[in-house]
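What follows is the residue order along each chain.
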Number of protein chains: 8
Amino acid sequence: MTAIDSYATLDFDRARRCGFPEVVFGQGKTPEQVAAIASELAATHELALVTRATAEHAAALKAAEPDASYVQSCGILFIDRRPAPERITGTTCAEILSSASGQGKIVVCCAGTSDLPVAEEAAITACIMGSATTLLADVGVAGVHRILTQQELLASARVLVVVAGMEGALPSLVAGLVDVPVVAVPTSVGYGASFEGLAALLGMLTSCAGGVSVVNIDNGFGAGQIAHRINAPRWIKREEDR
Amino acid sequence: MTAIDSYATLDFDRARRCGFPEVVFGQGKTPEQVAAIASELAATHELALVTRATAEHAAALKAAEPDASYVQSCGILFIDRRPAPERITGTTCAEILSSASGQGKIVVCCAGTSDLPVAEEAAITACIMGSATTLLADVGVAGVHRILTQQELLASARVLVVVAGMEGALPSLVAGLVDVPVVAVPTSVGYGASFEGLAALLGMLTSCAGGVSVVNIDNGFGAGQIAHRINAPRWIKREEDR
Amino acid sequence: MTAIDSYATLDFDRARRCGFPEVVFGQGKTPEQVAAIASELAATHELALVTRATAEHAAALKAAEPDASYVQSCGILFIDRRPAPERITGTTCAEILSSASGQGKIVVCCAGTSDLPVAEEAAITACIMGSATTLLADVGVAGVHRILTQQELLASARVLVVVAGMEGALPSLVAGLVDVPVVAVPTSVGYGASFEGLAALLGMLTSCAGGVSVVNIDNGFGAGQIAHRINAPRWIKREEDR
Amino acid sequence: MTAIDSYATLDFDRARRCGFPEVVFGQGKTPEQVAAIASELAATHELALVTRATAEHAAALKAAEPDASYVQSCGILFIDRRPAPERITGTTCAEILSSASGQGKIVVCCAGTSDLPVAEEAAITACIMGSATTLLADVGVAGVHRILTQQELLASARVLVVVAGMEGALPSLVAGLVDVPVVAVPTSVGYGASFEGLAALLGMLTSCAGGVSVVNIDNGFGAGQIAHRINAPRWIKREEDR
Amino acid sequence: MTAIDSYATLDFDRARRCGFPEVVFGQGKTPEQVAAIASELAATHELALVTRATAEHAAALKAAEPDASYVQSCGILFIDRRPAPERITGTTCAEILSSASGQGKIVVCCAGTSDLPVAEEAAITACIMGSATTLLADVGVAGVHRILTQQELLASARVLVVVAGMEGALPSLVAGLVDVPVVAVPTSVGYGASFEGLAALLGMLTSCAGGVSVVNIDNGFGAGQIAHRINAPRWIKREEDR
Amino acid sequence: MTAIDSYATLDFDRARRCGFPEVVFGQGKTPEQVAAIASELAATHELALVTRATAEHAAALKAAEPDASYVQSCGILFIDRRPAPERITGTTCAEILSSASGQGKIVVCCAGTSDLPVAEEAAITACIMGSATTLLADVGVAGVHRILTQQELLASARVLVVVAGMEGALPSLVAGLVDVPVVAVPTSVGYGASFEGLAALLGMLTSCAGGVSVVNIDNGFGAGQIAHRINAPRWIKREEDR
Amino acid sequence: MTAIDSYATLDFDRARRCGFPEVVFGQGKTPEQVAAIASELAATHELALVTRATAEHAAALKAAEPDASYVQSCGILFIDRRPAPERITGTTCAEILSSASGQGKIVVCCAGTSDLPVAEEAAITACIMGSATTLLADVGVAGVHRILTQQELLASARVLVVVAGMEGALPSLVAGLVDVPVVAVPTSVGYGASFEGLAALLGMLTSCAGGVSVVNIDNGFGAGQIAHRINAPRWIKREEDR
Amino acid sequence: MTAIDSYATLDFDRARRCGFPEVVFGQGKTPEQVAAIASELAATHELALVTRATAEHAAALKAAEPDASYVQSCGILFIDRRPAPERITGTTCAEILSSASGQGKIVVCCAGTSDLPVAEEAAITACIMGSATTLLADVGVAGVHRILTQQELLASARVLVVVAGMEGALPSLVAGLVDVPVVAVPTSVGYGASFEGLAALLGMLTSCAGGVSVVNIDNGFGAGQIAHRINAPRWIKREEDR
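Because the structure is predicted, anything quoted here is derived from the model rather than measured.

A. Spotlight on the relation of the copies chain D and chain A. Screw-axis analysis of chain D against chain A gives a translation of 0.0 Å along the axis, an RMSD of 0.0 Å, and a rotation angle of 180°. Viewed as a symmetry operation, the transformation between the two copies matches a two-fold axis. For chain D, the minimum C-alpha distance to the rotation axis belongs to V214 of chain D and amounts to 2.5 Å. Take the interface residues of chain D: 97% of them recur as interface residues in chain A, which is what a same-surface contact looks like.

If you want it as structure tokens, here you go:
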């Protein structure tokens, strides 16, 4: 077995600097590496979050830490030992979102059913970081009444995360309806000229509507983290600390 | 002076095969070449249409054929000697559309003011070919109520031409509202990641809404011709001839 | 089991707005999701169409709805409970096209044998929507007499769908022979510099012939739907209703 | 002279929906069009903002509205007739930032001197919308001590805008130092493999640091607007209104 | 004035190795450089050929060598002091082709009038190298009868050069009609998705017809040289020499 | 079982027009389709050639036609029933090249061991069409003496086929040494910035040496056919027939 | 069994010209080919190095040469029969680096844990060529203190190899801290807009810091060899020989 | 007039950290900015180097500092007030290279005459930093004997800079002849598929020869600096200081 510091230099200071402990990117790591790193983070921070985790990653971590929780639909793996009400629990997105008692208000919406895993990754990320989060599925522009009937919900949010594949038109439409920031997430859903998310990415970057910023293709985690930084319970708390 | 057949092989049979005489693509031709070819076509067909014509092209043709007409805003140059009511006249898009007595119904709409030249090229092309055509400007998705209040007009059309630059989202939205074909035209309006129309092109090709087909970037002429073939007064007439 | 509305917002109004019920895009959905959505649509509309369906999707739907029909060669799965003569039946493209009694006339042709699955998807789509459709295979430009001897058939169509991979030259040639719209479908057939259909796509978008509009790579379904909207039995019927 | 509604459909409702009146994108519009639209907006909202304005645009607007102000270094043109302290004044970025009395705190920083026009566009946009804004120039990663010595300033911001061309590395570095959102703006500064900003754009989208979202290449305006929506004096005010 | 060997290492041996003296690529060279190099080559070989020459290049060379000849339409500049019948003369493509008494048979054809400069560059290159060459203009696939009526001419050639822009479909069609090699030349004629010749280039590389090889976009010179090497009077002569 | 004409329109006239019967592109066809088409071609022409054939294709054809021959290393499958000396035999490239008694002289050379399958496809294709062909392996530019010591062999050829992956520099070097045409074949050998052959393709298209034309990535078959058309025993024979 | 010279032309002179024997690129070669070539090289040079070797390659070589050594984590396979102290031994990167007694000083550092295999390939390559080499893992810019605390180590090196995926920002930062050359290696670590290493590659090529040169994506071997040529024990030795 | 610190944060410490003062990238800066920054640097370091300087930049700087020197052919502008023998003088590349008394040995060679400006930028940069530098022009692979006859010169260098446009094959060839590092510089010389240097860039990155690292397209400055860091008089001096 290889010592953890031969392959990783954990950044234990990140929680202080950036408001949340280092998050483990599971892709390309062995189950042993993921388990070792997540255990170490949990020991230090009462909290460990792994994204793009496979079933093998989950099994390896659960063997070491039986209280680890795995959301298969979007590859989120976590340990949460914080006291209530901060702690989140569950193995589906719905369970986790309703288990939380976050602050502020984030609304995550996605254009199609196949964009759902990315939207769930965003919602759970924001939720575990401490934001109250709602998820709205399958409201793409081909049937525009579906999103137009949700304007009250949209208006209640401090920030919106809008997830879409194919031509990625939903963020432009939504941004024209609200006065809060829209974090757009292109997905790789589509084929041919979608070029694995490139069409949606370019579309969102060139949106004719103001207030839209964009993250990497399929980067639900990144969108969730940014939305949380905008919604910002921690920032407010930090202010209070002073 | 060079003889016309050293640089061109005019296809006088095209009107019979394809329903409209050969159209001259002005770009990259000298004023003399454009003037000679257009004169020859007008002599044969009572009609000559030049696209992407410059002021120099127009001056050269008018010197030879004083009844030529030039629409500067979209670079259309034409001679129309057909008898009324087929003949069109005017030097602005508005004049030409109202001078015509075309059949059927085409609606051309564009997302922004800067997409207007392309939309005008489409509308005048369809009009000169014989289709009744209406133009609707600046109804992009950032203010979605602008297009939603036009649903009656959209529903009255046999075919729609939808022109948009930047992320090119308008065709997806429109196609979800109607049951007729939508011909989408991406424009090169935008900067940076619009990559001179590529973002709009990919967006339209990967539209999540059914019924959308696409032409080349800034190809208003092509869209007008396809819309006319769909609206198809000539086809109907041809049927009657049998 | 997850409730259908946690992952889908069915658009039951689409048949009214767009002339045909919502169509299910099978790719990326689980067999359970496809079966549930298709059953729900069939219950409402007497009709459900799934594209890019796998054998697993077909098995799951047939278990729930034994009258479902699967065309393996092009991944079309459908339930059709409409009364004759509207109803279509069969499990091969040939059976389905001959079972139908559609209106108007669509001709679908493809350049090579390997483009056939995409051409079949287009033909069956148009057929189930109500258009009379004919399919012509392996008539690419490398042996140009093959398409030239079919000019009478081409001339009889209200709209053509032309499917081609590699350099995608067939639509340009065909469009120069007819006066009806040509819907061009690039396919991913080829290798190297075809870049999975990009060469054919660019070629069709920049066609020197008028009257060609283009859909996404391998998008037989989209082409069939557009061709049907052009051929338009429903539109004619709607007119009659008034 | 052409009537304004033949080329534009002004969205006077946008201020209510999105918190700020429609902004005019100058590029590709004639001086007459810009002057007419800006005058109309100023008459309605006491405020008109034009981006990517040329000296000709400025001259045309000033002829009609002598109180218009033009910031040549970054192409911003505006009329501000709001009462103090909301009103901003000046013709350089420095004058405008110090004339304002905005709320909250935005820090805009750029990597090199040549990125300055984009950074100024962002800063002035945020400022005119109502945010207190600071600008920090030429602090790129090749001399990393320049940004490290500014950590106190960075920590005081509610949101950061980080502007960089070439490889666009600055946002990754900055995002690892703070717990607030970072809006990254790639610029077209560079040559060769920077591909007019593509290298910086891709780099920012794939940042290894959390909390970074991205706007279009050279889109200082967009970044300023998003930063303002995050900093959000208006949202806070709206809350108070309830 | 700078000595010629500070910027060029002339390859006087090339005529022996490759069958024709070094050819000067004019683009990016100063008039003085072009004049000096061409004079030096003419002194050694009785022949100097410059491609992509501007009027300034031509003037500089003519000042030094009054017998230099410039074909403005395609930027060819040459000095030919070989004895008749090898020598070519003239300042238009037509004059030059008819002045020559080359061996074998090359047919150069192009799809549209705007492809003519590239086709002329190919034809003159082959001609000056010693091949009998014929030029056929404006026979693109949109009016396929134009090329089909030229089959006898095509059949008489030892090699064909086929020049086309936009979708570049002509080589595929031609190659299916003959049993000799086809050298395909994509041109930058077109706009939008032609991406300055990329669409034609990819199309020609992925041709479904056998016997097509491709040169760089707008590379008429290269095609002419390859066609000559195939037609090969020199090679035959060399054989005879043995 | 499906009738052959439902999926293929065999072009039996191609041997007359193009000098060799239609060749079957195996990729994407079922074993049954390949076997049926190859049998039909062999029955008509005494010859059938399949490229990109898999072991399954070979097994299916051998079951029907036991005299079929399969070269596994490069996926060539063929039936040759022509009388000697035209007939070729063998199951390795070396056996086939030495079994043949072709006319003229083609030299195929490749840069690295991994380019060998493509080079073999070219060599066998030229050989079966009737050209005497020699193959030279692993003579890339990193050890330039390897090709320089082969100049006599290069000089003996009527045409060269040069195969290379990675940066694809070999054709430029070779073309500077000879006066015959060079057919360059980029291969997909390499990784990273070779982008599956794109680097080699672009390099060959922009060769600074004259006389190089290019075929698609990995298109050994195409290069062999073009080389044969240049070497041209059939063309010479046709001449003699007259 | 096939003779080695039918597929390879070994360049036994390379050690003299280039300072190190030919290295075998394992990818795309059969186990038999790799074993035969490596045995032949080891017999001539007492040393054989294979990169991108699989477990099958390793097994085949070990069967023939039991003293072969395989480093699975980065696919390095080698035989080293040189006398101590030149000889290296071991099957992990750590073992090999500490077994060596190389000259000069190379520091290899990588941004993340997943970049480690590429960094190891670089380090072992430099080590086997004769350079003293140190490896530093997981010091990316998101936690910039990790690299800043290593400045003394960086300053001790004659050359640095910096390995990074995603946005590839680390080389820019490091190059601004030192006065020695930085060899940057982009990796394919990342997803979406990293486009398999393209984002990192472009970022490194457009670095705002001086002193950075770049190798192909994932090309640890190339970087190691260049670093060794810079560090240059052999060059120094060669000097001494004179 | 604007104060220098409103647009620049000069990094006066860079000479200590990186061995040479900050260098000014002229492109995109005004003459005033360039003059002010260069004057400031010269006052501090006795030395100021500006790259990509225009004649306007030169005039502005000379007005302030009459001892500034401008090399028009490659856009280098500098002030050198160091004592002899370090000081360089002259306004052409040849003058400057011969004025210097640098240490070590760098050879810069370029493939064609049009690559010369980039090669000169590299040579002058290395020279001013303190390296003895030789320049060799027009030795591309199309006439391979030109470089092969220079092997003795190549062998004498501590490092080579190889500059080439079009297919960029020269570095691969050169790297196979030497045992020192090769810094490859792709140039934008070429047209069509060279895509402004992309073909050369990709070719150099995927070189089959070892020891090649690459800088940005047209980045002569970068290559000169890296070559100097490799040749490294300063590093040696620093060693001596210890």
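Here the narrative resumes, following the displayed structure.
B. Spotlight on the interface of chain D and chain A. Taken together, the contact between chain D and chain A spans 33 residues of the former and 32 residues of the latter. Summing both partners gives a buried area of about 2900 Å² for chain D against chain A, and 51% of it is carried by carbon and sulfur. At the boundary of chain D with chain A, the tally comes to zero salt bridges. Where chain D packs against chain A, one counts 16 residue pairs in polar contact (both at pLDDT 80 or more). Top contributing element to the side of chain D that touches chain A by residue count: helix 10 (residues 220-231) of chain D, with five residues. Here the side of chain D that touches chain A is composed, by residue class, of 17 nonpolar, nine polar and seven charged.

C. Molecular detail of the pattern of salt bridges. All names here are of chain A. Counting across every chain of the model gives 64 salt bridges over all chains. Linking R17 and D11 is a salt bridge whose minimum nitrogen-to-oxygen distance equals 3.0 Å. Counted as one network, the salt bridges with shared partners bring together D11, D13, R14, R16 and R17.

D. Local environment of the pairing of strand 2 (residues 47-51) of chain A. Residues and elements named next belong to chain A. With five of its five residues buried, strand 2 lies for the most part within the structure. Burial of the side chains of strand 2 extends over both faces: L47, L49 and T51 are buried on one face and A48 and V50 on the other. Relative to strand 2, strand 1 (residues 24-25) runs parallel, the two sharing two bridges. Looking at strand 2, one finds that V24 is bridged to V50. Note that the unit made of strand 1, helix 2 (residues 31-45) and strand 2 has a crossover that is right-handed.

E. Local environment of the environment of A126 of chain A. All names here are of chain A. If you trace the backbone, A126 turns up in helix 5 (residues 116-129). A relative accessible area of 1% places A126 in the buried class. For the pair A126 and I106, spaced 20 residues apart in sequence, the C-alpha to C-alpha distance is 8.0 Å. Residue contacts for A126: discarding those within four places in its chain leaves I106, S131, T133, G224 and H228.

F. The environment of E120 of chain G, seen in detail. All names here are of chain G. On the secondary structure map, E120 appears in helix 5 (residues 116-129). E120 sits in the buried class, given a relative accessible area of 11%. When the C-alpha positions of E120 and K105 are compared, they lie 16 Å apart, and in sequence the two are 15 residues distant.

G. Representation of the side chain of E120 of chain A within the structure. All names here are of chain A. R52 is the oppositely charged side chain nearest to the buried, salt-bridge-free E120, at an N-O distance of 13 Å. Reaching out from E120, the side chain makes a polar contact with the side chain of S73 at a distance of 2.6 Å. Sequence-distant contacts of E120, that is, excluding residues within four places in its chain, are made with S73, C74, C93 and L135.

H. Layout of the relation of the copies chain C and chain B. Between chain C and chain B, which share one sequence, the superposing operator has a rotation angle of 180° and an axial displacement of 0.0 Å; the RMSD is 0.0 Å. The fraction of interface residues of chain C whose copies in chain B are also interface residues reaches 100%, indicating that both copies meet through the same surface.

I. A look at the state of the cysteines. In this structure the tally under the stated criterion is zero disulfides over all chains. Not part of a disulfide, C74 of chain E finds its nearest cysteine sulfur in C93 of chain E, a span of 6.4 Å. A relative accessible area of 10% places C74 of chain E in the buried class. Unpaired in this structure, C208 of chain E has its nearest cysteine sulfur neighbour in C18 of chain F, at a distance of 11 Å. Residue class for C208 of chain E comes out partly exposed when judged on its relative accessible area of 33%.

J. The arrangement of the packing of aromatic side chains in detail. All chains considered together, the criterion is met by eight aromatic pairs over all chains. Their ring planes at 25° and their centres at 5.9 Å tell us that F25 of chain B and Y191 of chain E sit as a pair that is stacked. One end of the pair, F25 of chain B, is in strand 1 (residues 24-25); the other, Y191 of chain E, is in the loop between strand 8 (182-186) and helix 9 (198-205), on a second chain. Since its relative accessible area comes to 18%, F25 of chain B is described here as buried.

K. Just the interface of chain C and chain B, in detail. Taken residue by residue, the interface counts 33 residues in chain C and 33 residues in chain B. When chain C packs against chain B, close to 2800 Å² is buried across both sides, 51% of that on carbon and sulfur atoms. For the pair chain C and chain B, the number of links is zero salt bridges. Listed by contribution, the elements that provide at least two residues to the side of chain C that touches chain B are helix 1 (14-18), helix 9 (198-205), strand 9 (212-214), helix 10 (220-231) and helix 11 (233-241) of chain C.

L. Expanded view of the arrangement of the chains. Of all C-alpha pairs spanning chain C and chain D, none lies closer than 21 Å, and the two are not in contact. One finds no contact between chain D and chain F; the C-alpha atoms of the two approach each other to within 13 Å at their closest.

M. Spatial organisation of unusual backbone geometry. Residue P85 of chain F follows A84 of chain F across a cis peptide bond; omega there is 5°. Positionally, P85 of chain F belongs in the loop between strand 4 (76-80) and helix 4 (93-99). Even without glycine at this site, F195 of chain A takes up a positive phi of about 45°. Within the secondary structure, F195 of chain A sits in the loop between strand 8 (182-186) and helix 9 (198-205). A positive phi angle, near 50°, is found at R52 of chain E, a position not held by glycine. When you line up the elements, R52 of chain E lands in the loop between strand 2 (47-51) and helix 3 (55-64).

Rules used in this analysis
Residues numbered from 1 in each chain as written. Chains lettered and ligands numbered in written order. Predicted model: local features only at pLDDT ≥ 70, side-chain atom pairs only at ≥ 80, totals over all residues. Heavy atoms only, no water. Least-squares fit on C-alpha atoms with pLDDT ≥ 70 in both. Contact = heavy atoms within 4.5 Å. Buried area = accessible area lost by both parts, 1.4 Å probe. Salt bridge = Lys/Arg side-chain N within 4 Å of Asp/Glu carboxyl O. Polar contact = N/O pair within 3.5 Å; in protein donor to acceptor, adjacent residues only side chain to side chain. Helix = DSSP H or I, 4+ residues; strand = E, 2+ residues; numbered from the N terminus. Nonpolar A, V, L, I, M, F, W, Y, C, P; charged D, E, K, R; others polar. Buried < 20%, exposed > 50% of the residue type's maximum accessible area, 1.4 Å probe, protein only. Pairing = 2+ DSSP bridges. Right-handed = clockwise from strand over helix to strand, strands pointing away. Lys, Arg positive; Asp, Glu negative; His and termini not counted. Disulfide = S-S within 2.5 Å. Phe/Tyr/Trp six-rings, centres within 6.5 Å; stacked < 30°, edge-to-face > 60°.

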